[in-house]
Amino acid sequence: MVLEQYIQRVEEKLQQLVKRLHQLQSENASLKEEINHQQQTLQQQQLAIQALEDKLHLARIAATAQGGATVATDDAAFKKEIRSKINDYIREIDRCIALLNG
């Protein structure tokens, strides 16, 4: 009788272990899918960042080609240059208005 109870307990524990194994395998598969999804999202975001960096680089090149600001490494210098350009445009507009009125 004791041997039968011992065998029954071993079988119950074995069934619990098998059940837990299946749960862990399922969780593992789910986590692997989540990792793959996160990696794809990360790749998409990296591509978007690269595209934006390329656009910024092209905008800086275009500004330089048009006599605009060179690559601004200092925000204060960049702001000063932008203000200067705006003032130049305002003076040019005022000159055009004066010519039209004259």
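Residues numbered from 1 in each chain as written. Predicted model: local features only at pLDDT ≥ 70, side-chain atom pairs only at ≥ 80, totals over all residues. Heavy atoms only, no water.

## Focus on the overall build of the chain
Selection rule: Secondary structure elements are taken from DSSP: a helix is a run of H or I of four residues or more, a strand is a run of E of two residues or more, and numbering for both begins at the N terminus. For every residue, the accessible area (1.4 Å probe, protein chains only) is compared with the maximum for its type, and the residue is labelled buried under 20%, exposed over 50%, or partly exposed between those bounds. Accessible surface is estimated by sampling points in the Shrake-Rupley manner with a 1.4 Å probe; for residues, cover comes only from the protein chains shown.
The helix and strand tally for the chain stands at 2 helices and 0 strands. Expressed as a percentage of the 102 residues in the chain, the buried residues total 2%. Total accessible area on the chain stands at roughly 9,600 Å², and carbon and sulfur atoms take up 58% of it.

## What about a nonpolar patch on the surface?
Going by this rule: Here a patch means residues that are over 30% exposed by relative accessible area and free of salt bridges, tied together within 9 Å if like-charged and within 5 Å if nonpolar (Val, Leu, Ile, Met, Phe, Trp, Tyr). Note on definitions: salt bridges are taken to be side-chain nitrogens of Lys or Arg within 4 Å of carboxyl oxygens of Asp or Glu.
On the surface, L3, Y6, I7 and V10 cluster together into a nonpolar patch covering about 400 Å² of accessible area. Counting through the fold element by element, V10 comes out in helix α1 (residues 2–65).

## Observations concerning the pattern of salt bridges
This model, assessed by the stated rule, comprises 2 salt bridges. D88 is the salt-bridge partner of R91, the closest N and O atoms lying 2.4 Å from each other. Taken together, the residues span about one helical turn, with R91 and D88 both in helix α2 (residues 75–101) at a distance of 3 residues. Overall, R91 belongs to the exposed group, its relative accessible area being 53%. Across the pair R95 and E92 runs a salt bridge, and its minimum N-O distance is 2.6 Å. Residue R95 and its partner E92 are both found in helix α2; the two are separated by 3 residues, about one turn of the helix.

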